[in-house]
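# Residue-level structural notes
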There are 2 protein chains.
Amino acid sequence: MSKKKGDKKAKSGKKKELEGLSATDLAPAITQAARSMRTALSRSLGESGLYAGQDGVILILAEEDGMTPGQLAIRLGVKAPTMTRTIGRMEAQGFLERRADGTDGRLTKVHLTEAGLRTVEQIGRSVSECGSIAAKGLSDKEIRTLLKLLKTIEQNLQSEPSDDRG
Amino acid sequence: MSKKKGDKKAKSGKKKELEGLSATDLAPAITQAARSMRTALSRSLGESGLYAGQDGVILILAEEDGMTPGQLAIRLGVKAPTMTRTIGRMEAQGFLERRADGTDGRLTKVHLTEAGLRTVEQIGRSVSECGSIAAKGLSDKEIRTLLKLLKTIEQNLQSEPSDDRG
DNA sequence: CGCACCGAATTAAATTGTTTATTTAAAGTT
DNA sequence: AACTTTAAATAAACAATTTAATTCGGTGCG
């Protein structure tokens, strides 16, 4: 870092060199885009009786049944307590069920129920459709670029856990 | 019924023509990226005593004081009840205050307090810093591309509020 | 003037998400 | 074998977000 200029505050300048300004807009931009996506997905998912955030659990379980809450949390990029509660809700809703692991008493295995299995296709459709709507007008290349950039910034953010130095 | 090609599973194919597959990955990708961003921003904002979601309110108010909750909601892309609640918390925290509009009894004007004003700079720094961290390694052009794509998908999603026609 | 309608704000209820702390079981150490 | 440490799941507390329903002031019509 610091190999170039423009790393300073530049608080006094309201010029046109908005190099830093772009980065400033990044957080709001992605926040709002994600909010729109979540809302759209939520609406589409509602037909299956699911909430945004639950779809990923079912989709992953459909690929590999019997994962533990911790594994699911990692796969979905959320914290373990979030997964625990989401699983609890979904279990109450009848989409999945917990089973104790016979070998390791600490582990909980999560399995799709029949009802859960029945939602898989519809969820896939919702997620896919939402993505298509969002990507309307974008070329295939642009979509891939977007995905790549998204992954990059995610990795950047996660590799910098706590940088509270001034 | 109007859908046609690309609706297949194609789960077995790992080829390069993943046109539909890209769009399918869009929702999860942006969701997780936004989650990372939110977490990072939340951590940085914590020093100011704020939570992610509150920053925008202060920043907008710093530009134009006395906006109504509804206006703030639109500007920030959230629904009115969200804004009401956030404003309530922030008022309790002492960052802003509500004042009734003398002319129109239905309106509430939101004003920054001195404490709120004092946080403006720090918030701007946090948001900017977060964006910079997220954008590390990306060229200026890439960042602008990302911003443009983000805006596009946001508009796409919002112009299609509830079109579940088949 | 009274009643219907609209619009802004709020309340209510549901969920995801985070951090911090607690329980419980496995593993490691002495 | 008893104690300590670690790991997984969970519980509790706090915040954001949404939709649906409610309150309340303004406006319009009869």
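Owing to the predicted nature of the structure, the values given are computational and were not obtained by experimental measurement.

### Observations concerning the relation of the copies chain A and chain B
- For the pair chain A and chain B, the superposition axis carries a translation of 0.1 Å, the fit reaches an RMSD of 0.2 Å, and the rotation angle comes to 179°. Such a combination of turn and shift is consistent with a two-fold rotation axis.
- Interface residue correspondence from chain A to chain B reaches 95%, placing this contact among same-surface, isologous pairings.

### Focus on the protein's contact with DNA strand D
- The environment of DNA strand D is formed by 29 residues, the closest being A:Arg35, A:Gly70, A:Arg98, B:Thr82 and B:Gly105.
- Of everything in DNA strand D that lies within 4 Å of the protein, sugar and phosphate atoms constitute 78%.
- Between A:Arg35 and DNA strand D, the recorded distance is 2.3 Å, taken from a side-chain N or O atom to a phosphate oxygen.
- Here a phosphate oxygen of DNA strand D sits 3.2 Å away from a polar atom, N or O, in the side chain of A:Arg43.
- A class-by-class count of the residues in the surface near DNA strand D yields eight nonpolar, ten polar and eleven charged.

### Overview of the packing of helix α2 (residues 55-63) of chain A against helix α5 (residues 114-134) of chain A
Residue and element names in this part refer to chain A.
- It is at 9 Å that the axes of α2 and α5 come closest, and there the two elements cross at 115°. Crossing geometry of α2 relative to α5 is assigned as left-handed. Residue-level inspection shows Asp55, Ile58, Leu59 and Ala62 of α2 in contact with α5, the latter providing Gly116, Thr119, Val120, Ile123, Gly124 and Val127.
- Grouping the amino acids of the contact of α2 with α5 by side-chain chemistry returns six nonpolar, three polar and one charged.

### Here we look at the protein's contact with DNA strand C
- Near DNA strand C, the surroundings consist of 28 residues, among which A:Thr82, A:Arg85, A:Gly105, B:Arg35 and B:Arg98 are the closest.
- Sugar and phosphate atoms represent 70% of those atoms of DNA strand C found within 4 Å of the protein.
- Measuring from a phosphate oxygen of DNA strand C, one finds a side-chain N or O atom of B:Arg35 at 2.3 Å.
- Going through the elements one at a time, α4 (80-93) of chain A together with α1 (19-45), α3 (69-76) and α4 (80-93) of chain B are the ones with two or more residues in the surface near DNA strand C.
- In the surface near DNA strand C, the residues fall into eight nonpolar, ten polar and ten charged.

### Points about the interface of chain A and chain B
- Tallying the contact residues gives 58 residues for chain A and 59 residues for chain B.
- The largest share of the area that chain A buries against chain B comes from A:Leu26, A:Leu149 and A:Leu157, three residues that together contribute 11% of it.
- Where chain A packs against chain B, one counts two salt bridges.
- Across the chain A-chain B interface, the total number found is twelve residue pairs in polar contact (both at pLDDT 80 or more).
- Elements represented by at least two residues in the side of chain A that touches chain B include exactly α1 (19-46), α3 (69-76), α5 and α6 (140-158) of chain A.
- Considering each element in turn, the side of chain A that touches chain B owes the most residues, 19 residues, to α1(A).
- For the side of chain A that touches chain B, the residue count by class is 27 nonpolar, twelve polar and 19 charged.

### Brief notes about helix α5 (residues 114-134) of chain B
Residues and elements named next belong to chain B.
- Over its 21 residues, α5 extends 31 Å from the first C-alpha to the last, a length consistent with the 30 Å expected when each residue adds 1.5 Å.
- Of all the bends found along α5, the most pronounced is centred on Val120 and spans about 35°.
- Listing the buried residues of α5 in full gives Gly116, Thr119, Val120, Ile123, Ser126, Val127, Cys130, Gly131, Ile133 and Ala134.

Rules used in this analysis
- Residues numbered from 1 in each chain as written.
- Chains lettered and ligands numbered in written order.
- Predicted model: local features only at pLDDT ≥ 70, side-chain atom pairs only at ≥ 80, totals over all residues.
- Heavy atoms only, no water.
- Least-squares fit on C-alpha atoms with pLDDT ≥ 70 in both.
- Contact = heavy atoms within 4.5 Å.
- Near = heavy atom within 4 Å.
- Polar contact = N/O pair within 3.5 Å; in protein donor to acceptor, adjacent residues only side chain to side chain.
- Nonpolar A, V, L, I, M, F, W, Y, C, P; charged D, E, K, R; others polar.
- Axes fitted to C-alpha atoms, helices over the stretch in contact; angles between N-to-C directions.
- Helix = DSSP H or I, 4+ residues; strand = E, 2+ residues; numbered from the N terminus.
- Left-handed = near helix turned anticlockwise from the far one by under 90°.
- Buried area = accessible area lost by both parts, 1.4 Å probe.
- Salt bridge = Lys/Arg side-chain N within 4 Å of Asp/Glu carboxyl O.
- Expected span 1.5 Å × (residues − 1).
- Bend = angle between axes of the 7 residues up to and from the residue.
- Buried < 20%, exposed > 50% of the residue type's maximum accessible area, 1.4 Å probe, protein only.

Everything listed here is a matter of geometry and, on its own, says nothing about what the molecule does.
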